[in-house]
Amino acid sequence: MAEILHAPALYLYPLLAGMLLGVLQIVLFFVGAGHFDHGSGEDGAVDHLLDATHLGDVFDWLNFGRVPFAILILLLLVTFGMVGIMLWQIFPALPAWSYAFGAAPAAVMVTRITGGWIAHLLPQDESYAVNHDHLVGRRGTVTLGPLDDGRPGSIRVRDEHGELHTLRARPADAGLKIEKGALVVVVKAAEGPGRVWLVVPFEEHI
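Residues numbered from 1 in each chain as written. Predicted model: local features only at pLDDT ≥ 70, side-chain atom pairs only at ≥ 80, totals over all residues. Heavy atoms only, no water.

## Here we look at the nonpolar core
Generally speaking, soluble globular proteins have nonpolar side chains that are buried together.
Okay, step 1: Judged by nonpolar contacts, the single largest core of 14 residues is most densely connected at Ala7, Tyr11, Phe80, Ile85, Trp88 and Ala103.
Okay, step 2: Sorting elements by how many residues they give to this core places helix α4 (residues 69-90) first, with 6 residues.
Okay, step 3: Beyond its immediate stretch of four places on either side in the chain, Phe80 contacts Leu10, Tyr11, Pro14, Ala100, Ala103, Ala104 and Ala107.
Okay, step 4: Listed in part, the 12 residues of the second largest apolar core include Leu135, Leu147, Val157 and Trp197. (Core = buried A, V, L, I, M, F, W, Y, C linked by side-chain atoms within 4.5 Å. Buried < 20%, exposed > 50% of the residue type's maximum accessible area, 1.4 Å probe, protein only. Helix = DSSP H or I, 4+ residues; strand = E, 2+ residues; numbered from the N terminus. Contact = heavy atoms within 4.5 Å.)

Below is the structure:
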């Protein structure tokens, strides 16, 4: 254990950060503070950041949306740190940065595989589960837009329990453009990979 504390900071710090994050989640679970949720409440800001970049596609591949965001970060940090330290112990003569060529791919693959296992174990009625069918027909607000035929934007939808969910969305009708801040109604899930939902503008009938 003493040897590990002398490992390169590039791998030691992510390992310790991942372990601390795991301890924090366990503490929050037992004190009843809830769970880390990628798409509910104010934590939905994570979705906004990912949807605005190509990182969203990468995180979809890593099971983001099926597994809480904090769990994915924990897996990435711990695996990167552990593999980096293992390589440092096996090949101590190499420069510290070179171990990242093995640690980074290993962290990504372990996160994807382990995240898939975790997704199958998680109850499907939790707010971070991939199944959001109960949100179909509910009204939401465009938070990242405009929504058009290009890259999906984001909407905020409140479920029947009052919890907020952030969903990736695009218009149900081709050629339609829905501005940021507009009210919409969730129609259905789009066909194909990813978690994209089709919406139409909300029209209040008087």
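## Observations regarding a nonpolar patch on the surface
Okay, step 1: A contiguous nonpolar patch, built from Val108, Met109, Ile113 and Trp117 and spanning about 390 Å² of accessible area, is present on the exposed surface.
Okay, step 2: Along the chain, the position of Met109 falls in helix α5 (residues 100-121). (Patch = residues over 30% accessible without salt bridge, like charges linked within 9 Å, V, L, I, M, F, W, Y side chains within 5 Å. Areas by Shrake-Rupley, 256 points an atom, 1.4 Å probe, with all protein chains shown as cover. Salt bridge = Lys/Arg side-chain N within 4 Å of Asp/Glu carboxyl O.)

## Here's the deal with the pairing of strand β1 (residues 139-144)
Okay, step 1: Here 3 bridges tie β1 to strand β4 (residues 183-189), and the two strands are oriented antiparallel to one another. Pairing of Gly140 across the sheet is with Val184, part of β4.
Okay, step 2: Bridge count for β1 against strand β2 (residues 153-158) is 4 bridges, and the pairing is antiparallel. Bridging from a neighbouring strand, Thr141 pairs with Arg156 of β2. (Pairing = 2+ DSSP bridges.)

## Points about the pairing of β2
Okay, step 1: Counting buried residues in β2 gives 5 out of 6 residues, a clear majority hidden from the surface.
Okay, step 2: Sheet topology places β2 next to strand β3 (residues 164-171); 6 bridges connect them, and they run antiparallel. Within β3, the residue paired with Ile155 across the bridge is Leu167.
Okay, step 3: Hairpin connection between β2 and β3: a loop of 5 residues separates the two successive antiparallel strands, and Gly162 in this loop has a positive phi of roughly 90 degrees.

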